[in-house]
Amino acid sequence: PAKAPTGGLTAPSAETYVTNRNLSVSGWGQKNVGVVKLEILANYNGAWVQIGSEQTKNPFTTTVDLCKTSIPNGLFQLALRVWDNKGNPSGILTPRTLIKDIECSTTDTNPSVSLVKTDGLLFLPVNGSVSATVNKGSKGKNIDSVEFWFHGRDWVKDAWVYLGKDTSETGGWTGPINTNGMAEGDGYAILAVVTDAGGKTGVDVVFDAIVD
């Protein structure tokens, strides 16, 4: 429509590390002919899908049980869509990237992954790799892969950069990284996501990695 409804999320903030299954979400919508509903959207496999219930209160605050969604552990996007009383939807409003790290089952637990540190610190080489160790979930399913992401120190302008996927334990679970030209110091982030043969995932993230 020529004048689509607008709005946006006010919570959670971008780059939130989510470890509680109950995610608090707030937002608002606006249109001169009236807002009738607001949808909370998630993108985790290349497509936006609605999660949680439709919101009719405006502005709204609600809780979404992430264990009742199909969002895997790791990076996903959250956004809002607003509908007016003429049946016109907005676009995808205020998308932001979150990190999910939640154990939803007590009988079939996730595999786990731990980024390898030196004396409690994660140093990033100019040209080399980051590595991780893994443990199988409670069902003992084989590990399929470990994937790695990197984020710069500017959490407004920078985005998560995919470093690669390791599908073989031979030589350890590693991902390539090149920090040539980056300022030395801490405040960089590394994310590792392990996936087993059953599709279950586990996460480790370090927010104070050091370029040295």
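As a reminder, the structure under discussion sits directly above these lines.
Residues numbered from 1 in each chain as written. Predicted model: local features only at pLDDT ≥ 70, side-chain atom pairs only at ≥ 80, totals over all residues. Heavy atoms only, no water.

(A) Layout of the sheet that holds strand E5 (residues 48–50). Strand order in the open sheet formed by five strands is E2-E8-E7-E4-E5, and the pairing between neighbours is mixed. This sheet does not close on itself; its edge strands, each paired only once, are strand E2 (17–18) and E5. As judged from the two bridges shared by E2 and strand E8 (residues 93–100), these two strands associate in the parallel manner. Directly across from Tyr17, in E8, lies its bridge partner Ile99. (Pairing = 2+ DSSP bridges. Helix = DSSP H or I, 4+ residues; strand = E, 2+ residues; numbered from the N terminus.)

(B) Local environment of the side chain of Ser90. Tracing the backbone shows Ser90 in the loop between strand E7 (74–84) and E8. Beyond its immediate sequence surroundings of up to four residues, Ser90 is in contact with Ala4, Pro5, Leu80, Arg81 and Val82. (Contact = heavy atoms within 4.5 Å.)

(C) Region of interest: the packing of aromatic side chains. Counted according to the given criterion, the structure contains five aromatic pairs. Ring geometry for Tyr17 against Phe207: centres 6.0 Å apart, planes inclined by 70 degrees, an arrangement best described as edge-to-face. Separated by 190 residues along the polypeptide, Tyr17 in strand E2 and Phe207 in strand E16 (residues 201–211) bring together distant segments of the chain. Judged by centre distance (5.8 Å) and plane angle (25 degrees), the rings of Phe150 and Tyr188 are stacked. Within this pair, whereas Phe150 is found in strand E12 (residues 143–151), its partner Tyr188 is found in strand E15 (residues 185–196), the two being separated by 38 residues in sequence. As far as burial versus exposure is concerned, Phe150 and Tyr188 are alike and both buried. (Phe/Tyr/Trp six-rings, centres within 6.5 Å; stacked < 30°, edge-to-face > 60°. Buried < 20%, exposed > 50% of the residue type's maximum accessible area, 1.4 Å probe, protein only.)

(D) Looking closely at the nonpolar core. Counting 21 residues, the largest nonpolar core has Leu124, Val146, Phe148 and Ile190 as the members making the most contacts within it. Those elements that place two or more of their residues in this core are strand E9 (112–115), strand E11 (127–135), E12, strand E14 (173–178), E15 and E16. The next biggest cluster of nonpolar side chains, apart from the first, holds 20 residues, and it includes Val25, Leu66, Leu78 and Ile102. (Core = buried A, V, L, I, M, F, W, Y, C linked by side-chain atoms within 4.5 Å.)

(E) Quick peek at the pattern of salt bridges. The full count for this structure, using the stated rule, is four salt bridges. Taking the shortest distance from any N to any O, the salt bridge between Glu39 and Arg81 comes out at 2.8 Å. Remark: Arg81 occurs in strand E7 and Glu39 occurs in strand E4 (residues 35–43); sequence separation between them is 42 residues. Exposure remark for Arg81: the relative accessible area of 25% places this residue in the partly exposed category. Of the charged contacts in the structure, one is a salt bridge between Asp108 and Lys141, with a shortest N-O distance of 4.0 Å. In this pair, Asp108 is assigned in the loop between E8 and E9 and Lys141 in the loop between E11 and E12, connecting sequence segments 33 residues apart. (Salt bridge = Lys/Arg side-chain N within 4 Å of Asp/Glu carboxyl O.)

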